[in-house]
Structures are given as C-alpha cells and as structure tokens.
Amino acid sequence: MIINQEEIFTTVAENLEEKPTEQSMFTKFLELYPEEWKQLKITFSKFNRSKQFGKTIPLPKPEQSLRKEIRSWLKKQ
C-alpha cells in the first residue's frame with residue numbers, strides 16, 4: 001500500500017508529456033519514487049518470508065499491485 005497514493009499518482013501524471021496510460025505511469029513512478037517502490041518490494045518479501053508452511057495467503061507481486069492501483073486511479077480520472 002502506498003501512502004499518499006492520490007498525491008503521488010497526480011504528480012506522476014503531471015510529469016508525463018503524453019496522455020497518462022498504465023504503462024507510462026508505471027515507468028514514471030519507478031523513475032520519480034524509487035524509495036516507495038523499494039518499500040513495496042520489501043513489504044512483499046517480508047510477507048512471503050513470514051508465511052507458515054502449507055498456509056498460503058494470496059498477495060499480488062509488487063508489479064501487479066502497483067499496476068492495479070494505477071489502473072483504478074486512471075478510471076477515477
């Protein structure tokens with residue numbers, strides 16, 4: 001989960017030269033917010049390590065999670 005997601009996605013969209021798409025926003029997010037991206041990946045790996053054997057809780061990979069959040073934000077715009 002990204003803190004201040006609305007602000008971050010708005011900033012990312014403003015920094016794009018073309019109309020925002022899922023791929024362009026994803027790429028620009030990685031460029032502008034490397035620390036947030038790093039934190040998403042760390043959270044995912046911590047969660048995967050903490051799972052008990054035999055018990056699975058589906059958690060999307062960081063790439064899928066971020067793309068889904070971008071997609072839903074774009075639909076609201």
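How each quantity is defined
- Residues numbered from 1 in each chain as written.
- Predicted model: local features only at pLDDT ≥ 70, side-chain atom pairs only at ≥ 80, totals over all residues.
- Heavy atoms only, no water.
- Core = buried A, V, L, I, M, F, W, Y, C linked by side-chain atoms within 4.5 Å.
- Buried < 20%, exposed > 50% of the residue type's maximum accessible area, 1.4 Å probe, protein only.
- Helix = DSSP H or I, 4+ residues; strand = E, 2+ residues; numbered from the N terminus.
- Contact = heavy atoms within 4.5 Å.
- Salt bridge = Lys/Arg side-chain N within 4 Å of Asp/Glu carboxyl O.

Q: I'd like a rundown of the nonpolar core, residues and numbers included.
A: Judged by nonpolar contacts, the single largest core of 15 residues is most densely connected at Ile2, Ile8, Phe9, Met25, Phe29 and Leu66. When residues of this core are traced back to their parent elements, those giving at least two are helix 1 (5–14), helix 2 (22–32), helix 3 (34–50) and helix 4 (62–76). The element contributing the most residues to this core is helix 1, with four residues. Once residues within four sequence positions are removed from consideration, isoleucine 8 is found in contact with Ile2, Ile3, Phe29, Tyr33 and Glu36.

Q: Provide a residue-level description of the pattern of salt bridges, including the pertinent values.
A: Applying the stated criterion across every chain, the model contains four salt bridges. Of the charged contacts in the structure, one is a salt bridge between glutamate 22 and arginine 67, with a shortest N-O distance of 3.8 Å. Linking glutamate 22 in helix 2 with arginine 67 in helix 4, this pair joins segments that are 45 residues apart in sequence. Relative accessible area serves as the criterion here: at 22%, glutamate 22 is assigned to the partly exposed category. The salt bridge involving lysine 28 is made with glutamate 31; its shortest N-O contact spans 3.3 Å. A residue pair is termed a helical-turn pair when its members lie 3 or 4 positions apart in one helix, as lysine 28 and glutamate 31 do in helix 2 at three residues. A relative accessible area of 18% places lysine 28 in the buried class. A residue is classified by how much of its surface remains accessible, and glutamate 31, at 54% relative accessible area, is exposed. Overlapping salt bridges, with partners in common, bring together Glu22, Arg67 and Arg71 in one network.

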